[in-house]
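# Per-entry structural report
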There are 2 protein chains.
Amino acid sequence: MHDSNTPPRAPTPLGDVSSDEIRAALHRAADIAADYLVTAGERRVTPAIAPGDVRRQLPPSPPQHPEPLEQILADYRRIIEPNMTHWNHPGFFAYFPSTGSGPGVVGETLAATLNNNAMLWRTGPAATELEELTTDWLRQMIDLPASFKGHINDTASIGSLLSLAAARHRVDGLDIRSKGMAGRSDLPALTLYCSEQAHSSIDKAAIVLGFGTSNLRRIPTDDAFRMRPEALQEAIRADRAEGRLPVAVVATAGTTSTTSVDPVRAVTEICRREKLWLHLDAAYAGCAAICPEFRALMEGMGDADSIVLNPHKWLFTPVDCSVLFVRDPQTLRSAFSLVPDYLRTDEPGVTNLMDYGIQLGRRFRSLKLWIVMRAFGVERLQANIRSHCSMAREFESWIRAEPGFEVVAPVPFSVVCFRATPPGSPDEQDRFNERLLSDANQAGDFFISQTKLRGRVVLRLAIGNVRTTREHVAAAWKRIRECASRARR
Amino acid sequence: MHDSNTPPRAPTPLGDVSSDEIRAALHRAADIAADYLVTAGERRVTPAIAPGDVRRQLPPSPPQHPEPLEQILADYRRIIEPNMTHWNHPGFFAYFPSTGSGPGVVGETLAATLNNNAMLWRTGPAATELEELTTDWLRQMIDLPASFKGHINDTASIGSLLSLAAARHRVDGLDIRSKGMAGRSDLPALTLYCSEQAHSSIDKAAIVLGFGTSNLRRIPTDDAFRMRPEALQEAIRADRAEGRLPVAVVATAGTTSTTSVDPVRAVTEICRREKLWLHLDAAYAGCAAICPEFRALMEGMGDADSIVLNPHKWLFTPVDCSVLFVRDPQTLRSAFSLVPDYLRTDEPGVTNLMDYGIQLGRRFRSLKLWIVMRAFGVERLQANIRSHCSMAREFESWIRAEPGFEVVAPVPFSVVCFRATPPGSPDEQDRFNERLLSDANQAGDFFISQTKLRGRVVLRLAIGNVRTTREHVAAAWKRIRECASRARR
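Residues numbered from 1 in each chain as written. Chains lettered and ligands numbered in written order. Predicted model: local features only at pLDDT ≥ 70, side-chain atom pairs only at ≥ 80, totals over all residues.

## Regarding the overall build of chain A
When helices and strands are tallied, chain A shows 16 helices and 11 strands. In terms of overall dimensions, chain A is globule-like: its C-alpha atoms have a radius of gyration of 25 Å, near the 23 Å expected for 489 residues. Taking the principal axes of the C-alpha coordinates as reference, chain A spans close to 75 × 75 × 45 Å. Evaluated residue by residue, chain A yields a buried proportion of 60% over its 489 residues. (Helix = DSSP H or I, 4+ residues; strand = E, 2+ residues; numbered from the N terminus. Rg over C-alpha atoms; globule rule 2.2 N^0.38 Å. Buried ≥ 20, exposed ≤ 12 C-beta atoms within 10 Å, placed from the backbone.)

Next comes the structure, spelled out in structure tokens:
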């Protein structure tokens, strides 16, 4: 594979690999992709390998001379593809599934071909306008007010960071953009609020933006893992009483552990009264908001200042594609816009996407989203989401009907949190569930993950793959029951 | 195109688009891609359209029902492709060219197919190990010490932000990660340093991290636009004298306007003496460091604490692919690592890529880099870079030989800064050059950009496209001369 013994050709060719070789490799890749999407479900979801097994098969130093694409693709099939964890496997029930559909792959091929950087309208007119259009389509699909403008980022981690940076920027008279936060006697400690179930990306934003994790208040939740509004109100009051300055609240629609939805309406009212920025992390459940019946669970969403929603999570768009909606895009723009001399342009009134975030480089992510939206249409996207939620409710009903198991959180969407409840102490039960997780995942035909709720180990089955059917879910449940009954003996 | 009049089929199909339709569309996309790469040079680099022209051709609301991929691809060819600015055009001489090679497109197709999120080793074993391998190959290619570890991000904007966050975290005893920066009487103002020619992403990092733009010292440069070490030393001294705490210096290897290289060795020595973190922004010129003769211009690079280098800029890898090298990866890890319950794993000693940055979601960017490195081999990558630099030197020699033009900065790599010098005041000369830029770009067969140096308008021709030949550069020069001579009449 590593042809360091091949004599160098002279002279070394310039330019790209030959167009014939590229065309052949693109068609070969098309077949590899099409075959993979059909056969993903026949593989182990997680490969049975140990750390280092892949690297060991590859040369430690880069090749000096060009190698044929055919040979590289053969190595891909032999070394890379079998040693992946297959997020596109219909038995991938861990974390939040992140499904890439076929139309999304087509979109990424074309985006890579164009290799566009739409930092300015001028450097990517169609990419800039398609981003504005597809995010507006999405806005309509979740029935947000027309004042919201969408901005595509790589991840919700960045979307939430941008939103909280805008919130910090909006605080009157502090001019943090210019003066910074350190060494200022006019600046009290600045505080943020989210529920104890909020995603770790909010902690990372608190670190990066200089709020500090100790100034991020983790508000307790109710018995359905939803932020308690009166506890939020009390935390804000206590901070103000002690001279700190509350800046923003992050509510979650679809928490990572249980998909609980914070009481958006009540939180909104507190934010309005307290003049705080409200960011809604709807990375997962915001996708379900394209169905009116699920949107109803997030009532009040349209009153948030910003909302993040990931089409790469549950709208069948390959990673990465995360949409940040902001009600007042000028706040985001005034937090981030900087136009150096080498990026000045003369088109008045156009959107230059670089002005709305950290990253100057912006690849053409809206292309795959546009192709997916059109290839599925709203109705087929909705049908898939409804089917996933319906399978989750059926799985929940099986757990509820089974002695020795319990469902430990409500199932508003497509994630079920459950555990075995064998006789024994809570610690013994935890160990039993950890072993059950490991045993159940052993065969590799599906992959579930775990979390902790109220300090206890909980198993978590998340449905979201475009290729998952009722049979995949039923097979997983059958195995889980068998493993539990073997472990009880 | 928007088939809202088609009667809905019943029931709506679930799952993905049919595998036959996907396979056909992937092959169609392969041909569109292969054709595009061959014909990119026959198009206008920038389309002759006005803002809104694209959006106007597309329906304002999302389609309810699925549309055939064939039809979507036909719309792509009709509405999207012709209305892009073609960064893959051999006449793209603006900003920094960012070339996507054919092998890179193959890599992106496969990455989208796998749709992997390598946040943990367990969720993407081959992706995690290939990222470690390819970045180590790159480390060897630029001859960095083995202690440096590479981490792939989307952009250098994020890489530099992560580096400066690590620098802030490393400052002894401040515990900014937990306590934050605001409202602390124990925390002086924190300062950063870069040259007046450094990239705007450093300002954005200063904003995001809460340093504030007024605490980013823009150090003056010498007559070759390189940071003046004695001015850096003096700025640090003055800040310390006034009670501020210097944290980090950003040196640039290949500034955006002129590709000047700060005196890395001298800056390194100051940083070591002052115990400051040194980040090297080598997003562009770091790619040229794969050639020993260009690496010599960045002497001292191996003593930096971190280095950012963008294979998507000048190693023929489609956007996005930016590598952050850090000498002590534990600093980055301790700045960012957080492991919530739902992401705990039991593999000891593995690399979990999520621990080294902000973004939890990490797509499989090393795949395209691996394919590009192998398809080109080190020697063909070097040959392309040498050819680009040689074409730039030839263009420079044409300017120098031409009365009424001047070269306004040294040409260490592949960018030439020049201007026409007609009789008249400096402001009149500026207006002349602005008009010359606009006239020269008018025909659309190439695209150059501008910047300002010492307050004056400067034209900028940047070579970096894998398909650019001497003929493309000569044609651009011919047109620029013609436009200048027409404007002088």
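So much for the structure itself; the text now carries on.
## Considering helix H15 (residues 426–442) of chain B
Residue and element names in this part refer to chain B. Taking 1.5 Å of rise per residue, 17 residues should cover 24 Å, and H15 covers 24 Å from first to last C-alpha, within 8% of that figure. Elements that come into contact with the buried residues of H15 comprise strand S9 (415–420), strand S10 (449–453), strand S11 (456–462) and helix H16 (470–488). Of the residues flanking the end of H15, it is Gly444, one or two places downstream, whose phi is positive at about 85°. (Expected span 1.5 Å × (residues − 1). Contact = placed C-beta atoms within 7 Å.)

## Details of the sheet that holds strand S9 (residues 415–420) of chain A
Residue and element names in this part refer to chain A. The strand order across the open sheet formed by 4 strands is S8-S9-S11-S10, and the pairing between neighbours is antiparallel. This sheet does not close on itself; its edge strands, each paired only once, are strand S8 (405–407) and strand S10 (449–453). Strand-to-strand, the axes of this sheet are offset by a mean angle of 40°, without reference to chain direction. Packing of helix H15 (residues 426–442) onto the sheet brings it into contact with S9, S10 and strand S11 (456–462), and relative to S11 it is tilted by some 30°. (Pairing = 2+ DSSP bridges. Axes fitted to C-alpha atoms, helices over the stretch in contact; angles between N-to-C directions.)

## Thoughts on helix H16 (residues 470–488) of chain A
Residues and elements named next belong to chain A. Under the 1.5 Å per step criterion, the end-to-end length of H16 is 27 Å for 19 residues, consistent within 8% with the ideal 27 Å. The set of residues buried in H16 consists of His472, Val473, Ala476, Trp477, Ile480, Cys483 and Ala484. The buried side chains of H16 occupy one side of the element, clustering within an arc of 135° when seen end-on. Exposed and facing more than 90 degrees away from the buried side of H16 are Arg470, Glu471, Lys478, Glu482, Ser485 and Arg486. Elements that come into contact with the buried residues of H16 comprise helix H14 (366–400), S9, H15 and S11. (Arc of directions from axis to C-beta.)

## Brief notes about the sheet that holds strand S7 (residues 322–326) of chain A
Residues and elements named next belong to chain A. Spatially, 7 strands are ordered S1-S7-S6-S5-S4-S2-S3 in an open sheet, and the strand pairing comes out mixed. Taken across any chain shown, the strands that pair with only one partner, and hence form the sheet edges, are strand S1 (149–153) and strand S3 (216–219). For this sheet, the mean inter-axis angle between neighbouring strands, taken without regard to orientation, is 20°. Pairing analysis gives 5 bridges linking S1 to S7, with the strands arranged antiparallel. Counterpart to Lys149 in the pairing with S7 is Val326. Helix H9 (residues 264–274) contacts strand S4 (245–252) and strand S5 (277–281) of the sheet and is inclined by roughly 165° relative to S4.

## Considerations on the packing of helix H8 (residues 229–241) of chain B against helix H9 (residues 264–274) of chain B
Residues and elements named next belong to chain B. As a packed pair, H8 and H9 sit with axes 9 Å apart at the nearest point and diverge in direction by 20°. Classified by the angle their axes make, H8 and H9 are roughly parallel. H9 is crossed by H8, and the crossing has right-handed handedness. Judged by residue contacts, Pro229, Leu232, Gln233 and Ile236 of H8 engage Ala266, Val267, Ile270 and Glu274 from H9. In terms of residue class, the contact of H8 with H9 is built from 6 nonpolar, 1 polar and 1 charged. (Parallel < 35°, antiparallel > 145°, perpendicular 65-115°, else oblique. Left-handed = near helix turned anticlockwise from the far one by under 90°. Nonpolar A, V, L, I, M, F, W, Y, C, P; charged D, E, K, R; others polar.)

## Observations regarding the confidence of the model for chain A
Residues of chain A with pLDDT of at least 70 account for 98%, and the chain-wide mean is 95. Interface confidence for the predicted complex, expressed as ipTM, amounts to 0.96; the pTM equals 0.96. (pLDDT = per-residue confidence, 0-100.)

## Some thoughts on the relation of the copies chain A and chain B
For the match of chain A to chain B, the screw axis carries a shift of 0.0 Å, the RMSD comes to 0.0 Å, and the turn is 180°. The two molecules are tied by a two-fold rotation axis, judged by turn and shift. Here 100% of the contact residues of chain A are again contact residues in chain B; the copies associate through an equivalent surface. (Least-squares fit on C-alpha atoms with pLDDT ≥ 70 in both.)

## A few points about unusual backbone geometry
Residues Val319 of chain A and Asp320 of chain A are joined by a peptide bond in cis, for which omega reads 0°. Structurally, Asp320 of chain A can be placed in the loop between helix H12 (311–314) and S7. Phi at Tyr95 of chain A takes a positive value of approximately 50°, unusual for a residue other than glycine. What makes Tyr95 of chain A buried here is the crowd of 25 C-beta atoms within 10 Å. Despite not being glycine, Asp143 of chain B shows a phi value in the positive range, around 60°. Its location among the elements puts Asp143 of chain B in the loop between helix H4 (125–141) and strand S1 (149–153).

## A short note on the domain arrangement of chain A
Taken as a whole, chain A is organised into domain 1 (19–84) and domain 2 (105–372). The centre of domain 1 of chain A, based on its C-alpha atoms, is set 36 Å off from the matching centre of domain 2 of chain A. (Domains from an automatic or database assignment.)

## As for the pairing of strand S6 (residues 306–309) of chain A
Within a regular strand, side chains alternate between the sheet's two faces. Residues and elements named next belong to chain A. Side-chain alternation along S6 places Ser306 and Val308 on one buried face and Ile307 and Leu309 on a second face that is also buried. Pairing between S6 and S7: 4 bridges, direction antiparallel. Counterpart to Leu309 in the pairing with S7 is Val323.

## Notes on the environment of Ser200 of chain A
By the element assignment, Ser200 of chain A lies in helix H7 (residues 200–208). Distance from Ser200 of chain A to Ser157 of chain A, taken between C-alpha atoms, is 8.7 Å for residues 43 residues apart in sequence. Once you skip the residues sitting within four places of it in the chain, Ser200 of chain A turns out to touch Leu338 and Pro340 of chain B.

## Points about the packing of helix H3 (residues 102–114) of chain A against helix H3 (residues 102–114) of chain B
Direction vectors running N to C along H3 of chain A and H3 of chain B enclose 155°, while the axes themselves pass 8 Å from each other. With respect to their mutual orientation, H3 of chain A and H3 of chain B come out roughly antiparallel. The two elements H3 of chain A and H3 of chain B meet at a crossing, and its hand is right-handed. Along its contact with H3 of chain A, which presents Gly104, Val105, Glu108, Thr109, Ala112 and Thr113 of chain A, the element H3 of chain B presents Gly104, Val105, Glu108, Thr109, Ala112 and Thr113 of chain B. The residue inventory of the contact of H3 of chain A with H3 of chain B, partitioned by class, reads 4 nonpolar, 6 polar and 2 charged.

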